[in-house]
Structure formats: structure tokens, C-alpha cells
Amino acid sequence: MDPILDNAALEYVHFHSAQTYGREIAELIKQIVSCKAAAETAYEMEVVAVMHILWCRLLRYRELFPDQPGKASGSPSHDNGGLEIQKQMMTFVYQHFGENISIEDIAVSAQVNQDRCRRIFKQCLQQTPVQFLNAYRLEVSGNLLRDTDQSVTEIAERCGYRHKSHFAKAFSRCYGCTPREYRKKYQGTT
């Protein structure tokens, strides 16, 4: 596992559903989730077994080791330049999501124009850059509501929402409850 865990360039890896590996990795992850959800006796052992298979597949996937040819057969169906640009843009979003960033900022971070930025996000993630940014902001805000005692206003501001009402509406659309209800449900506090 060290070649993956020690590789700072592997902040994330995108497995596309059009790729055999993408479908296989998704299926293994579904098996893990299903085992955990069923929680049958000794399900942990089954999860560990599937995790071993998952790691085996990851280590065979040559895109994780671009400087070592021949690690796996078959290459991804999209151009690697697009994947590298996507990675740069996603990393920019992860690092600056709390700031007032625009699609132009995201595109400039990878030195592409806005049209190419939109195409890459649509091709690789089936969403626009703004949808990706907003989804990430909401994911982080949900984690902060669960795991910290920061106020809803502080969390909204930290996640790039300048108006608490806008944050509350977006959060409710995404999670089906208000930020306070979410916190109460998952943290057990008011």
C-alpha cells in the first residue's frame, strides 16, 4: 500500500464508470457498504476481505503509477491531460472553498479557459464546477456540524457562505433538514 499512501500526488483518483476499473472499484465499494449496512455476525471480516481485493485492484491500476509502465492492462478512456487538469481544479476547490471563488478562478488555477473547465467537469464528474464547489462546501459544513461546536454562522462563513439564510436553504435542499436539525440528529446537542 505504500506506493499509494506515500504518493503525495495522489490526493484523489477518479475512476470513470466507462472504465472497467471504475465499475469494478465501484462494485467493491458497494459490497463494503452493503456488508456494513447489513451488520451480520462477523461482517467486519468480510469487509476486510473485500478491502484486500480493493487494494489489490488499486495497486494494479497503472494510472496510479504513471512512471512505471505495464502495471495493468488497458488504459482509461479519457485523455490524461484532462484528468491532470481536473485534479488541479479540484485541488484548488479543496484549498479555497471557503473563499469567494468563481468558475474563472477555478479555470485559471489549471491554466484553462472557462469552457474547457466546464467540459472537463461535465465529462469527469457529471456536474458543473459550481455544482462541485457547492457540494464540497455542503459536505464540509455537514462534517463541521457533526464534529465541532462552532456556531452555524461560523460554519457557514468558513464554508464560503456569506449569508446564513443562503447557507440554510442550500443545506436544507441537500440534507433535507436545517443545519441545527442536522447537528441535533448527529451530535445529540442543540
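The structure under discussion appears in the preceding block.
Scoring rules and cut-offs
Residues numbered from 1 in each chain as written. Predicted model: local features only at pLDDT ≥ 70, side-chain atom pairs only at ≥ 80, totals over all residues. Heavy atoms only, no water. Helix = DSSP H or I, 4+ residues; strand = E, 2+ residues; numbered from the N terminus. Buried < 20%, exposed > 50% of the residue type's maximum accessible area, 1.4 Å probe, protein only. Contact = heavy atoms within 4.5 Å. Arc of directions from axis to C-beta. Phe/Tyr/Trp six-rings, centres within 6.5 Å; stacked < 30°, edge-to-face > 60°. Core = buried A, V, L, I, M, F, W, Y, C linked by side-chain atoms within 4.5 Å.

Participant: Report on the overall build of the chain, specifying residues and quantitative values.
Facilitator: Tallying secondary structure elements over the chain gives 10 helices and zero strands in all. Listed N to C, the secondary structure of the chain is α-α-α-α-α-α-α-α-α-α in terms of helices and strands. Taken across its 190 residues, the chain has 36% of its residues classed as buried. In the chain, of all internal contacts separated by at least 6 residues, the share reaching a separation of at least 24 is 56%.

Participant: Help me get a handle on helix α10 (residues 179–187), residues and values and all.
Facilitator: When α10 is considered as a whole, its buried residues turn out to be P179, Y182 and R183. Each buried residue of α10 lies within a common arc of 100° when the element is viewed along its axis, so the set occupies one face. Facing away from the buried side of α10 by more than 90 degrees, the exposed set consists of R180, K184 and K185.

Participant: Provide a residue-level description of the environment of R119, including the pertinent values.
Facilitator: For R119, the location among the structural elements is in helix α6 (residues 114–125). We classify R119 as exposed; its relative accessible area is 52%.

Participant: Would you mind going over the packing of aromatic side chains in detail, with residue names and values included?
Facilitator: Enumeration over the complete set of coordinates arrives at 10 aromatic pairs. Relative to Y136, the ring of F97 has its centre 5.2 Å away and its plane inclined at 90°; by these criteria the two rings are edge-to-face. Placement of the pair is F97 in the loop between α4 (80–96) and α5 (103–109) and Y136 in helix α7 (residues 129–147), with a sequence separation of 39 residues. A relative accessible area of 19% places Y136 in the buried class. Between F171 and Y182, the ring centres sit 5.2 Å apart and the planes meet at 80°, which makes this aromatic pair edge-to-face.

Participant: Go over the nonpolar core, please, and point to the residues and values.
Facilitator: Core analysis: the biggest nonpolar cluster contains 35 residues, and M89, I106, C117, F121 and F167 have the highest contact counts within it. Leaving out residues up to four positions away in the same chain, F167 has contacts with L138, S141, V152, I155, A156, Y161 and P179.

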